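Observations on the model geometry
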Amino acid sequence: MACNPSNCQSNCYGNEEKAEVVVGEEYVSANQNQNLCIKCKTKEPIGGDEGRMFCIECFRSNLYGKFRLAVTSHAMITPTDNVLVAFSGGPSSRVALQFVHELQHKSLKNFDASRDRSLPVFGVGVAFIDETTISPLPSHDIDRAIQDIRLIVSNLAPPIKQLHVVPIENIYSGDGTNRLKNLLDAVSDTTGKEDLLLHLRMLSLQKVASESGYNKIVLGLCTSRIACHVILATVKGQGYSLPADIQYVDSRWEIPIVLPLRDCLVQELNMLCHLDGLKTVELLKGPCSGINGLVSSFVRILQEENPSRECTIVRTAGKLTPFHFNRILESDDSVIPLATRRRQKRYNLKPNESISSESFCPICNSPLNKSDMLRLSNLGSCQTSSDSFGAACCSSCRFQILPKDPSSMDHFYSLLPQPLVARAKHSSYDNLSLLREQIQDCLLSDSEDDS
Amino acid sequence: MEKGEEEKPTKAGSRLCCICNQRRAALKRPKTLQQICRECFYEVFEEEIHQVIVENQLFKPGERLAIGASGGKDSTVLAYVLSELNRRHNYGLDLFLLSVDEGITGYRDDSLETVKRNEIQYGLPLKIVSYKDLYGWTMDEIVKMIGLKNNCTFCGVFRRQALDRGAALLKVDKVATGHNADDIAETVLLNILRGDIARLSRCTSIVTGEDGPIPRCKPFKYTYEKEIVMYAYFKRLDYFSTECIYSPNAYRGFAREFIKDLERIRPQAILDIIQSGEDFRISTFTKMPEQGTCERCGYISSQKWCKACVLLEGLNRGLPKLGIGRSRGPNNDRKNGTKETNGAKSIESKQCGTLDF
Ligand SMILES: [Zn+2]
Ligand SMILES: [Zn+2]
Ligand SMILES: [Zn+2]
Ligand SMILES: [Zn+2]
Ligand SMILES: [Zn+2]
């Protein structure tokens, strides 16, 4: 019985809703008497939807506090690191850049003040993926945006941060422009095309980070975007791999990815950009269409209807079991300060928890679920490389990215950038016995193994 | 390399069924968008359900099975298809129709007329349990007492119990309900939206309540609502389609609308959501509160009194708010901190309006 909350307060959906609203009302009403910031209780709140509880200073320190807690509790950035901030020009990555910068600035001050200068200051670089060659936007608009981005980065106080403007076709060796265009053209599903581009963007980031000596990539993904991703992954049949994408740390990549703004709402980030005059550059991405567009408007409306909705969605998905790679891996433990390790313990990230050997989709790098692995292990051995590439992909990529017509598969395969091809080789050829092991309980006969 | 040998273009309007390649295609199958003929549609529709029943071992020969029958499209098609398959594939089931009469004038009395006709049409014995008999109150009387607010609390809690009591009276081994793929996909989403990880972990199970008095199963778990409507339409099945007068439902409608939009872009999405629901990595079986029995009526309950008894007590004492929301009731003196979960499960969250189970 899911009911309209206004209709039915008790057994249905209304329940939790009411409780949350009541908490909010208590805040507000307790507050209305004095009309003061709930934290410092001396200054006036900012007003507006997001700022009704905090004054400017407390709002900012609260937001930065969420960032810093995420960074320290998950050992996202340590003194010896060289981190690359992925900057799209939008408010989320703008705030990520700003906060990483502030953190660096503070540790520089500490460094200068300290006697022994024992703790080095981590390095920061910035990457912007330039999609001029495949973007429908006129190239002079993008050029102007890139100029703005250069200005934003160079205007940050020292230490100087290198900006890498990386053409997306650089994922190919040599001039990849045409192959990239043809590859995207070969995907007929609108949503599939958008998603493939997303995966290629990640590939570019990985490539530039690896080539330029960075050891972490910072993404500005916030609660709101993650909430969308939760629903998206669910409707695309990626429920199994979903928890891999939404944790603070994702080390399945060559260069681990960290999400320090995971607990911040996009409204808060917009507000901060507005309050602090942080310049953003927006015209870069076209509106999404297809399923991605549908889901983001669905989540937006849900959020308008109930301002805690996005948090609830992310909290639900946060209860799914993460993967063993959703933490900074063991080998790095020596540089993780003791306090952080203690905190990790508190956050229940035991080293051995959820360890399993996963196989990954060569396109989206998602861990494969049981039925994908079962299909993979049942394949015959004599196959073309394009067939075995297709077989190694997750069912979601098979459905929305790979060509439906098997005769087009060779063509599609020939257009793929090398790193994706390499991932498939790595996962499908070497791992068959490993695969068998993982799905043993699903196999009806073990006669093949009798020896 | 690029010359796919596609099907030869046929004259407009006379496309052949892409399954049998003999008869003219009469419809676009909602699940796959294949153009097929009516006969092939019946066949794939029924065969898929048969496969689901076989693969999930839903039934054993000799079992007594009650079909929760509301008179609506889902349960009507379920009754029809199950009696067909039972005959065709010799399931060896003893089938019954089981209906709940909430006592809603102008709605339930009419839909029950439909079920009574189904009893004759399909030759299945029908049992009707009424709120009036079980609880002493009809929904009309409850609404008169408490107004339109909160009334679905009553119908949800009471209906669930009524179905179990009816099933016990029929001495059946199982109850089959008409929940379809759209319902289950929607429930997955709703559980994510409201943060209910315990229900999320169970809402895609094809059999539920194995720990309860009588297990329930959903043979339509992978069957699209649109195909059920199409089947009922082509077969001219006799069903009742008016929405319940007591329950307009905005939120539900919204999530449902989203699923319909998704289906329009990508029919596969409904199955994908169910797949995600089955695949979610939920480690420790998130525990539901321990089940005991109600001290008053003996029904399973995690509390001293079951939800129905609490609600009833309120009605009978003229305090209808009792048991709704945070008001105090006999359960509140219990010290164990278990958060009360409500009798109505989200999986039963079909719009109160359809009054399907
Ligand atoms: Zn303040
Ligand atoms: Zn994939
Ligand atoms: Zn046919
Ligand atoms: Zn209700
Ligand atoms: Zn009771």
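Keep in mind that what you see is a predicted model, and the values were worked out from it rather than measured.

As for the overall build of chain B
Secondary structure assignment for chain B yields twelve helices and ten strands. Counting all 357 residues of chain B, 58% fall into the buried class. Intrachain contacts of chain B at a sequence separation of at least 6 include 71% that bridge at least 24 residues. Here chain B displays about 15900 Å² of accessible surface, and carbon together with sulfur accounts for 50% of that area.

Regarding the overall build of chain A
What chain A contains, in helices and strands, is 19 helices and six strands. Looking at chain A as a whole, 50% of its 451 residues are labelled buried. Considering only residue pairs separated by 6 or more positions, chain A has 72% of its internal contacts joining residues 24 or more positions apart. As presented, chain A carries roughly 20200 Å² of accessible surface, and 54% of it is formed by carbon and sulfur atoms.

Let's talk about the coordination of the zinc ion (ligand 3)
Around a metal, the ideal angle is 109.5 degrees if four donors adopt a tetrahedral arrangement and 90 or 180 degrees if six donors adopt an octahedral arrangement. All names here are of chain B. Within the first shell, the zinc ion (ligand 3) binds the protein through Cys17 (SG), Cys20 (SG), Cys37 (SG) and Cys40 (SG), at distances of 2.2 to 2.3 Å. Around the zinc ion (ligand 3) sit four donor atoms; with metal-centred angles ranging over 100 to 117 degrees, the donor geometry is tetrahedral. Sequence spacing of the donors to the zinc ion (ligand 3): C-x2-C-x16-C-x2-C. When sorted by exposure, cysteine 17 lands in the same class as cysteine 20, which is buried.

What about the nonpolar core?
Judged by nonpolar contacts, the single largest core of 88 residues is most densely connected at Leu200, Ile231, Ile363 and Phe389 of chain A together with Phe258 of chain B. Counting 48 residues, the second-largest nonpolar core is a separate cluster that includes Val71, Ile149, Leu156 and Ile328 of chain A.

Looking at the UniProt feature "binding site: ATP" (unreviewed entry) in chain B
Residue and element names in this part refer to chain B. Under the local residue numbering, the UniProt record ascribes the feature "binding site: ATP" (unreviewed entry) to Gly68, Ala69, Ser70, Asp74, Val100, Gly178 and Asp183. Classification of valine 100 by relative accessible area gives buried; the value is 1%. Here aspartate 183 lies in helix H7 (residues 181-193).

Section: the sheet that holds strand E5 (residues 249-250) of chain A
Residue and element names in this part refer to chain A. Strand order in this open sheet of six strands is E3-E2-E1-E4-E6-E5, and the pairing throughout is mixed. Looking at which strands have only one partner, the edges of the open sheet turn out to be strand E3 (162-167) and E5. On the sheet, helix H7 (residues 190-211) packs against strand E1 (82-86), strand E2 (123-130), E3, strand E4 (216-218) and strand E6 (257-258) and is oriented at approximately 140 degrees with respect to E2.

Some thoughts on the packing of aromatic side chains
According to the stated counting rule, one finds 22 aromatic pairs over all chains in the structure shown. Arranged with centres 3.8 Å apart and planes meeting at 5 degrees, the rings of phenylalanine 298 of chain A and phenylalanine 258 of chain B form a pair that is stacked. Here phenylalanine 298 of chain A is found in helix H11 (residues 290-305), whereas its partner phenylalanine 258 of chain B is found in helix H10 (residues 250-265) on a different chain. Between tyrosine 80 of chain B and tyrosine 122 of chain B, the ring centres sit 5.6 Å apart and the planes meet at 65 degrees, which makes this aromatic pair edge-to-face.

As for the packing of helix H8 (residues 223-235) of chain A against H7 of chain B
In contact at an axis separation of 11 Å, H8 of chain A and H7 of chain B are set at 160 degrees when each is read in the N-to-C sense. Considered as vectors, H8 of chain A and H7 of chain B are oriented roughly antiparallel to each other. Crossing of H8 of chain A over H7 of chain B shows right-handed handedness. For the pair H8 of chain A and H7 of chain B, the contacting residues are Val230, Ile231 and Thr234 of chain A in the first and Val188, Leu189, Ile192 and Leu193 of chain B in the second. Here the contact of H8 of chain A with H7 of chain B is composed, by residue class, of six nonpolar, one polar and no charged.

A look at the sheet that holds strand E4 (residues 94-101) of chain B
In a beta sheet, neighbouring strands pair by backbone hydrogen bonds and run either parallel or antiparallel. All names here are of chain B. Across the sheet, six strands lie side by side as E5-E4-E3-E6-E8-E7; this open sheet has mixed pairing. With one partner strand each, in any of the chains shown, strand E5 (126-130) and strand E7 (207-208) form the two edges of the open sheet. In terms of strand pairing, strand E3 (residues 64-68) meets E4 through five bridges, oriented parallel. Counterpart to glycine 68 in the pairing with E4 is leucine 98. Sitting on the sheet, helix H2 (residues 73-88) touches E3, E4 and strand E6 (174-176), and the angle it makes with E3 is about 155 degrees. Those strands touched by helix H3 (residues 108-122) are E4 and E5, and its axis lies near 170 degrees from that of E4.

Analysis parameters
- Every chain begins its residue count from 1, and numbering advances along the sequence as written.
- Following the order in which they are written, the chains are lettered starting with A and the ligands numbered starting with 1.
- Residues qualify for local features only when their pLDDT is at least 70, as the model is predicted, and side-chain atom pairs are given and counted only at 80 or more; totals for whole chains, interfaces and linings, by contrast, use all residues.
- The side-chain figures draw on all heavy atoms in the structure; neither hydrogens nor water molecules are used.
- The helix and strand labels rest on DSSP assignments: H or I over at least four residues marks a helix, E over at least two residues marks a strand, and numbering proceeds from the N terminus.
- Residue exposure (1.4 Å probe, protein chains only): buried if accessible area is under 20% of the type maximum, exposed if over 50%, otherwise partly exposed.
- Note on contacts: a residue pair qualifies if any of its non-hydrogen atoms lie within 4.5 Å across the two residues.
- Note on areas: Shrake-Rupley with a 1.4 Å probe; residue coverage comes only from the protein chains shown.
- Only N, O and S atoms count as donors, using a 2.8 Å limit from the metal and a wider 3.2 Å limit for Na, K and Ca, and since water is excluded some coordination spheres may look unfilled.
- Key to geometry: four donors with every angle between 85 and 135 degrees are tetrahedral; four donors are square planar and six octahedral where opposite donors lie over 155 degrees apart and all remaining angles lie between 65 and 115; all other sites are irregular.
- Here, nonpolar core refers to any group of buried Ala, Val, Leu, Ile, Met, Phe, Trp, Tyr and Cys residues whose side-chain atoms link them within 4.5 Å.
- UniProt positions are given in the numbering used here, feature names are shortened, and annotations may be inferred rather than shown by experiment.
- For two strands to pair, DSSP has to find at least two bridges joining them.
- Between N-to-C directions, angles cover 0 to 180 degrees, with each direction set by a line fitted to C-alpha atoms, over the stretch in contact for helices.
- Note on ring pairs: Phe, Tyr and Trp rings are taken, using the six-membered ring of Trp, and paired if centres are within 6.5 Å. Classes follow the plane angle, with under 30 degrees stacked, over 60 edge-to-face and the rest tilted.
- Roughly parallel means an angle under 35 degrees; roughly antiparallel, over 145; roughly perpendicular, 65 to 115; everything else is oblique.
- Crossings are sorted by hand: turned counterclockwise from the far helix by less than a right angle, the near helix makes the crossing left-handed, and turned clockwise it makes it right-handed.
- Classification used: nonpolar for Ala, Val, Leu, Ile, Met, Phe, Trp, Tyr, Cys and Pro, charged for Asp, Glu, Lys and Arg, polar for all others including Gly.

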